[in-house]
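Single-letter residue listing:
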Amino acid sequence: MRVVIAEDSVLLREGLSAMLPRFGVEVVASVGDSPTLLAAVRRHRPQLVVTDVRMPPDYTDEGLRAAVALRTEDPGLAVVALSQYVQHGYAGELLASGSGRSVGYLLKDRIGDVAEFAGQLRRVAEGGTVVDPEVVRQLMQHRRDPLKQLSAREREVLAVVAQGHSNAAAARLLSLTEAGVAKHIGNLFTKLNLPVSDDTNRRVLAVLAYLRSRSD
Amino acid sequence: MTNTLLQAVTGRRFLVSAWPWRGFAYCATTAVASGVLWLLFAVPLAPLFSAVVVLWSGQTGGYLIVAAGLGLVGVGMLALLGPRLALSMARAERWRLRLVGDVSLPPGRRGNLYTDPATWRAVAYTVLLGVGGPMWLGVLGVIGLLALSTPISVEYRISVMDSPAGIVGRAVGGLLLIPVLFYLIALFGGVHAALARLLLVPEPSEELVEVARSRTRMAHAFDAERLRIERDLHDIAQQRLVALTMQIGVARLDLPPSSPAAAAMASAHEQAKTLMAELRDLIRGISPRALRDLGLQAAVEELAAASSLEVHVDIASSRFLAEAESVAYAAISEALANTAKHAATTTEVTVTVRRKADRLLVEVRDGGGGGADPARGSGLTGLADRAAAAGGRLLLSSPAGGPTILRVELPCVS
């Protein structure tokens, strides 16, 4: 898997570049700001971009802007945005791009669990969607309108699948049968009024709807 | 902006505004106040007056001693009661002045009763109210009677009018006198109120204005410092901590799970991760990035999302003055933290921010048990100081049984 890393902290950038190859991830370029990121992606054509949300010169959301721009050029490009803390407006915009496929939004805290982090990058590169557990926690805790109708079990299932786990993995984590998980997922799709389609990422549209509603 | 009677009287829409009636009310209550004043001063003035009468009548001998005694009693009572009565009167008059304009609170007493200039200004005002008041009220009364008596005198033929022109002239004159009367009432009342304001509501002295300015400067300096600390924590401490946590994670990969080092490493890893979460909360408390980048609404939404409470946010998405935003955010953050600390997690909290003219009104209302005491924690008093330094104020209502309402009013001219 070929990856471009954009992170303005040298320490973190070098750390990631050294750590990821251990998990079979090839870091083809690591850069420190968004113009260089755009250039590096156009040159190296990676499968995945891992970018910090805030980068020079303004330290607001340059990384995210670059990621959204890159995905507009090439909707197939997978992107994982790393943020120091949850910002709903920013997260919603990125996750909504490319109909929510091949995209991830994670707090930098998750990098610490290196194996888990590498697994999340891989899931995104393979077309999945990964939403940080903290975002999911805030979502579950407040059970905003559309999610109010979900049962406790359905919310648990949604929390797990939003993190990019497959039905089988969700069944293992929640001590359910795979058929049970599928049934809960079916129910919550119906309750959340999500369209029946082939889109395997329909499962995270619930999270996206929530994030979008808060960023408006 | 019109905020005193004298300013209002020069306005073109004076007659159709509420000002003539406010002026009328002020004049009418001035008459009452003047009457009350004379009643009160009758006590010390009566012996003095008697003494003067005695002297005037040319009596001799024992009468002179009585007169001197009465005079002494009168002067003593006047010196003792006069300033106190004058100050009480001044307090009542300041309250009455609100009829015809805004009144700010005067500073507290400086020095003792007889050396404080405020006492002697109050005495001067008492003389104005007791002597000047009845004179201009009398003039107004005569003109008022002239205006009002017109239909009566015509009906009862008190004034002799032998021609239709005379009748019409008198009636028109009477009618015209009514608006003129309103202007006169406003003018006399306005001048009296202006003198009262001059004597009873002194402008804040220069030293006080300077103190307020230096407080504002300090608040600005604190805001700048907060910003710098947040930057440093974010750019240096947080990034290093993430890198450190990652390195520990990598190191753990190579340790056999059964080794003693593995357990120690796992614990270090957990601590580093906890520290990361705590540092994030700390930074959010110091100076939230969302507030500066996205504004009050977004920042409070994030605060609400991270809170364990059910928080309803009702804030317009527009940007306000940066200083007002920062104080408003701090107040909302503190209020939510307090509620979370003292109330059940099921408590509903409503955060409302409204802009009214040039003020930003922030209100946090919770359904908790009430009984919040600003004296107990430094959080609320610190906030009140910040609000005051920004030129605003903080109000708290928290009766036992609830609800607790925290309200912050801030100037917001942008």
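Residues numbered from 1 in each chain as written. Chains lettered and ligands numbered in written order. Predicted model: local features only at pLDDT ≥ 70, side-chain atom pairs only at ≥ 80, totals over all residues.

An unreviewed UniProt entry lists chain B under the name histidine kinase, with Actinoplanes regularis as the source organism. The Catalytic activity (unreviewed entry) field of the UniProt record for chain B holds the comment "ATP + protein L-histidine = ADP + protein N-phospho-L-histidine." (UniProt positions renumbered as here; feature names shortened; annotations may be inferred.)

Chain A carries the name Two component transcriptional regulator, LuxR family in an unreviewed UniProt entry, which gives Actinoplanes regularis as its organism.

Draft legend 1. Main features of the overall build of chain B. Looking only at helices and strands, one finds 11 helices and five strands in chain B. Burial statistics for chain B: of 414 residues in total, 28% are counted as buried. A fraction of 73% describes how many contacts in chain B between residues 6 or more apart in sequence connect residues 24 or more apart. (Helix = DSSP H or I, 4+ residues; strand = E, 2+ residues; numbered from the N terminus. Buried ≥ 20, exposed ≤ 12 C-beta atoms within 10 Å, placed from the backbone. Contact = placed C-beta atoms within 7 Å.)

Draft legend 2. A look at the sheet that holds strand β3 (residues 359-366) of chain B. Residues and elements named next belong to chain B. Ordered in space as β1-β2-β3-β5-β4, the five strands form an open sheet in which the pairing is mixed. Two strands lie at the open edges of the sheet, namely β1 (310-315) and β4 (393-397), each paired on one side alone. Neighbour to neighbour, the strand axes of the sheet diverge by 10 degrees on average, direction disregarded. With eight bridges connecting them, strand β2 (residues 348-356) and β3 associate as antiparallel partners. Along β3, the bridge assignment pairs Thr352 with Glu363. Against the sheet, helix α9 (residues 296-306) makes contact with β1 and β2, and its axis sits at roughly 175 degrees relative to β1, the strand it touches most. (Pairing = 2+ DSSP bridges. Axes fitted to C-alpha atoms, helices over the stretch in contact; angles between N-to-C directions.)

Draft legend 3. Here's a closer look at the packing of helix α7 (residues 152-162) of chain A against helix α9 (residues 178-191) of chain A. All names here are of chain A. As a packed pair, α7 and α9 sit with axes 9 Å apart at the nearest point and diverge in direction by 100 degrees. When the axes of α7 and α9 are compared, the pair comes out roughly perpendicular. Together, Arg153, Glu154, Val157, Leu158 and Val161 of α7 and Val181, His184, Ile185, Asn187 and Leu188 of α9 make up the contact between the two elements. Looking at the contact of α7 with α9 residue by residue, the class counts come to six nonpolar, two polar and two charged. (Parallel < 35°, antiparallel > 145°, perpendicular 65-115°, else oblique. Nonpolar A, V, L, I, M, F, W, Y, C, P; charged D, E, K, R; others polar.)

Draft legend 4. Looking closely at the environment of Arg393 of chain B. Residue and element names in this part refer to chain B. Note that Arg393 resides in strand β4. Given 12 C-beta atoms within 10 Å, Arg393 falls into the exposed group. Considering only alpha carbons, one finds Arg393 and Val408, 15 residues apart in sequence, at a separation of 5.8 Å. With residues up to four places along the chain from it excluded, the contact list for Arg393 reads Ala387, Ala388 and Glu409.

Draft legend 5. Spotlight on the interface of chain A and chain B. If you look at the interface, chain A gives 20 residues, while chain B gives 27 residues. Of all elements in the fold, only α1 (10-19), α4 (88-96) and α6 (133-142) of chain A reach the threshold of two or more residues within the side of chain A that touches chain B. Among the elements that take part in the side of chain A that touches chain B, α1 of chain A stands out by supplying four residues, more than any other. Class assignment of the residues belonging to the side of chain A that touches chain B gives a composition of six nonpolar, 10 polar and four charged.

Draft legend 6. How the structure looks around the nonpolar core. Core analysis: the largest hydrophobic core is formed by 59 residues, its most contacted members being Leu48, Val49, Val79, Val80 and Ala81 of chain A. Counting residues per element, this core draws most heavily on α7 of chain A, at six residues. Contact partners of Ala81 of chain A, with chain neighbours within four places excluded, come to Thr51, Val53, Gly63, Leu64, Ala67, Leu94 and Tyr105 of chain A. Among the nonpolar cores identified, the runner-up in size contains 39 residues, and Leu303, Ala331, Val351 and Ala387 of chain B belong to it. (Core = buried A, V, L, I, M, F, W, Y, C linked by C-beta atoms within 7 Å.)

Draft legend 7. Representation of the UniProt feature "modified residue: 4-aspartylphosphate" (unreviewed entry) in chain A. Residues and elements named next belong to chain A. Per the UniProt entry, the sites bearing "modified residue: 4-aspartylphosphate" (unreviewed entry) are Asp52 in this numbering. Of note, Asp52 is situated in strand β3 (residues 48-52). For Asp52, the residues in contact, after removing those within four places along its chain, are Ala6, Glu7, Asp8, Gly63 and Leu82.

Draft legend 8. Region of interest: the sheet that holds strand β1 (residues 2-6) of chain A. Residues and elements named next belong to chain A. Strand order in the open sheet made by the six strands is β2-β1-β3-β4-β5-β6, with parallel pairing throughout. If you trace the sheet from one side to the other, it starts and ends with β2 (26-31) and β6 (129-131), each paired once. In this sheet, adjacent strand axes meet at a mean angle of 20 degrees when their direction is disregarded. Pairing of strand β5 (residues 103-107) with β6 involves three bridges; the strand directions are parallel. Opposite Tyr105, over in β6, you have Val131 as the bridge partner.

Draft legend 9. Here's a closer look at the confidence of the model for chain A. Here chain A averages 81 in pLDDT, while 81% of its residues score no lower than 70. Here helix α10 (residues 202-215) of chain A stands out as the least confident element of chain A, with mean pLDDT 55; β1 of chain A is the most confident, with 96. (pLDDT = per-residue confidence, 0-100.)

Draft legend 10. Structural detail: the confidence of the model for chain B. Residue-level pLDDT values for chain B average 81, and 88% of them are 70 or greater. Across the interface, the model reports ipTM at 0.72; the global pTM reads 0.54.

Draft legend 11. How the structure looks around the pairing of strand β4 (residues 78-83) of chain A. All names here are of chain A. In terms of burial, β4 is a largely internal element, six of the six residues being buried. Because side chains alternate across β4, one face comprises the buried residues Ala78, Val80 and Leu82, and the other comprises Val79, Ala81 and Ser83, equally buried. Note that β3 and β4 share five bridges and pair parallel. Counted as the bridge partner of Val49 is Val79 from β4. A crossover connection joins β3 to the parallel β4 through helix α3 (residues 62-73); in handedness this β-α-β unit is right-handed. Where β4 lies against β5, five bridges are found, and the strand directions are parallel. Each bridged residue has a counterpart across the sheet, and for Leu82 the counterpart in β5 is Leu106. (Right-handed = clockwise from strand over helix to strand, strands pointing away.)

Draft legend 12. Focus on the packing of α7 of chain A against helix α8 (residues 167-174) of chain A. Residues and elements named next belong to chain A. Where α7 meets α8, the closest approach of the two axes is 10 Å, and the angle between their N-to-C directions is 125 degrees. One finds that α7 runs oblique with respect to α8. Here the hand of the crossing between α7 and α8 comes out right-handed. Facing α7, whose interface residues are Glu156, Val157, Val160 and Val161, α8 presents Ala170, Leu173 and Leu174. A breakdown of the residues in the contact of α7 with α8 according to their chemical character gives six nonpolar, no polar and one charged. (Left-handed = near helix turned anticlockwise from the far one by under 90°.)

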